[in-house]
Amino acid sequence: MNNFIDSVYHFSGQNTLELAKEYGTPLYVISQDIIENQISKLKESFKDYPMEPRIYFAGKAFTNKGMVKLLDNLGIRLDTVSLGEMVTAKEAGMSFDKLILHGSNKSFEELEYALNENINLIVVDSIEELELLNNLAKKLNKRPKILIRVNPGVEAHTNDLINTSRIDSKFGISVNETKDIINSIEKYPNIELKGFHFHIGSQITEATPYLQALDKVIELYKLALENGLDSVDELDIGGGFGIQYVDTDIEFDPIKSIKQILTIIQDYCESNKLPIPLVSIEPGRYIVGPAGITLYEVGTVKELDGIRTYVSVNGGMTDNPRKALYNADYKAIICNRELNDSNKKTVRVSGRACETDDLIDAIELADPKRGDILAVTNTGAYNYSMFSNYNRVTRPPVILLKDNKKSILVKGQTISDLLKDDLIPEWLE
Ligand SMILES: *Cc1c(COP(=O)(O)O)cnc(C)c1O
């Protein structure tokens, strides 16, 4: 699907040079076909499990109205973490019984909105929040369904900054405290406990850390049912399924790894004579990461004698802060020239920001020159959603490709968009 035709890089079957010409650069390009393909692998992994999969897309990876609509059409639910994401879902017409609300510090306003919209699930992140929610629910005459976010204390082998489940973490409630909640659930009559959630980190490549967490969390499921909490019927194993940013990365294989996790859940329930729970997953990166590329135009090419060549592009850390934040690796391609032995060159790709702003430390490209179009691949997740206006740069548009169709998903910002919120205090006039 992605290849060179007449020496022009095609993404999702479409000519990237024509896209760059029509919409300008930088440009976020998202392929609906790839999103659909990723989702079908996730669905496939549930094939032998007796319950319907509950797939919540982690909205923080890439949310806008069109994306929510697309997910809704594909039977995918939404994991939200803010009023902004919830209202986006509402505006896109997604029913709130498809929504889950996360957050380690949800505001009163967010909880109230979620309750009034009868959200499907609220994931409670602390005992204090449980008390707050119980009181708020009483006041609003609601009885929200909740999952408890458990911190299972597992060290997933991933970047420190995206590992969220070691003991020393702001996220979740410890296993022991969760047991206390189960044993004294009558203290919270205005909430309905539906189950347990964990999310152990991101860019995970295999089942092992999930199984380590599950080991502890499934005991809580058993305890709850033994205590007669019949409402408990769901285990949410979070997201974090890794993708292949560069050749050395291993992509998480849901058909193998999710199946493995589901088999263990099923076996455990059968041997303990427990009902089989609904299992939820919350992938963000896995669904949309490989579905996106970013197109840039090459500007200054600076050869530092005996050191390296810097290839500057007209975007960078403002549209893709993951290198700056996580030292993330990416691959790139010169769209108008195929790489072959005669013109290979190892270069550093730099962004335009007034910072070091290296986008790719070292990569072989086909002799980049001013005016070339460069595609950075696997930018679908945590790029558009993490955009910043640093250096007062405007956000590029996002376009969606489907078969041979293309359409704008999010308009690019204009300079007047930037200026419209600025006010000059009257005493400065
Ligand atoms: C970030 C996050 C996810 C999604 O992570 P990915 O790596 O994008 O799959 C899912 N659930 C929770 C609670 C998260 O914080």
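Before any of the text, the structure's been laid out above.
Residues numbered from 1 in each chain as written. Predicted model: local features only at pLDDT ≥ 70, side-chain atom pairs only at ≥ 80, totals over all residues. Heavy atoms only, no water.

Caption draft 1: Here's a closer look at the overall build of the protein. Counting its secondary structure elements, the protein contains 12 helices and 21 strands. Relative to the 2.2 N^0.38 estimate, which gives 22 Å for 429 residues, the radius of gyration of the protein is 23 Å and therefore close to what a compact globule would have. Overall size of the protein, expressed as C-alpha extent along the three principal axes, is 70 × 60 × 40 Å. Taken across its 429 residues, the protein has 55% of its residues classed as buried. Summed over its atoms, the accessible surface of the protein is roughly 19100 Å², and 47% of this surface lies on carbon and sulfur atoms. (Helix = DSSP H or I, 4+ residues; strand = E, 2+ residues; numbered from the N terminus. Rg over C-alpha atoms; globule rule 2.2 N^0.38 Å. Buried < 20%, exposed > 50% of the residue type's maximum accessible area, 1.4 Å probe, protein only. Areas by Shrake-Rupley, 256 points an atom, 1.4 Å probe, with all protein chains shown as cover.)

Caption draft 2: Up close: the packing of helix α8 (residues 208-226) against helix α9 (residues 254-271). For the pair α8 and α9, interaxial distance at closest approach is 11 Å and the crossing angle is 30°. The angle between the axes of α8 and α9 places the two elements in the roughly parallel class. Viewed along their axes, α8 and α9 form a crossing whose handedness is right-handed. Within the contact between the two elements, α8 uses Y210, L211, L214, I218, E219, Y221 and K222 and α9 uses Q260, I261, I264, I265, Y268 and C269. Classifying every residue of the contact of α8 with α9 by side-chain character gives 10 nonpolar, 1 polar and 2 charged. (Axes fitted to C-alpha atoms, helices over the stretch in contact; angles between N-to-C directions. Parallel < 35°, antiparallel > 145°, perpendicular 65-115°, else oblique. Left-handed = near helix turned anticlockwise from the far one by under 90°. Contact = heavy atoms within 4.5 Å. Nonpolar A, V, L, I, M, F, W, Y, C, P; charged D, E, K, R; others polar.)

Caption draft 3: Quick look at the site of the ligand. Near the ligand lie 15 residues; those nearest to it are K60, S202, G240, E282 and Y382. At 2.7 Å, a side-chain N or O of K60 approaches an oxygen atom of the ligand. H199 is positioned with one of its side-chain polar atoms (N or O) 3.5 Å from a nitrogen atom of the ligand. Burial of the ligand by the protein amounts to 93% of the accessible area it has alone, namely 390 Å². In this structure the site holding the ligand corresponds to the largest pocket. Its residues placed into classes, the shell around the ligand shows 3 nonpolar, 7 polar and 5 charged. (Near = heavy atom within 4 Å. Polar contact = N/O pair within 3.5 Å; in protein donor to acceptor, adjacent residues only side chain to side chain. 1 Å grid on protein atoms, 1.4 Å probe; cavity = no way out; pocket = protein on both sides within 12 Å on 5 of 7 lines; lining within 4 Å. Sits in = over half its atoms within 2 Å of the grid points.)

Caption draft 4: Structural detail: unusual backbone geometry. Along the chain, T25 connects to P26 via a cis peptide bond; the corresponding omega equals -10°. In this structure, S12 is a non-glycine residue whose phi angle is positive, near 50°. Tracing the chain through its elements places S12 in the loop between β2 (8-11) and β3 (14-15). Even without being a glycine, D403 presents a positive backbone phi close to 50°. Checked against the element boundaries, D403 lands in the loop between β20 (398-402) and β21 (405-410).

Caption draft 5: Seen up close, the packing of helix α2 (residues 32-44) against helix α3 (residues 65-73). At a minimum axis separation of 11 Å, α2 and α3 run at an interaxial angle of 45°. Taken together, the axes of α2 and α3 lie oblique to each other. Crossing of α2 against α3: the hand is right-handed. Contact residues: α2 offers Q32, I35, E36 and I39, while α3 offers M67, L70 and L71. Here the contact of α2 with α3 is composed, by residue class, of 5 nonpolar, 1 polar and 1 charged.

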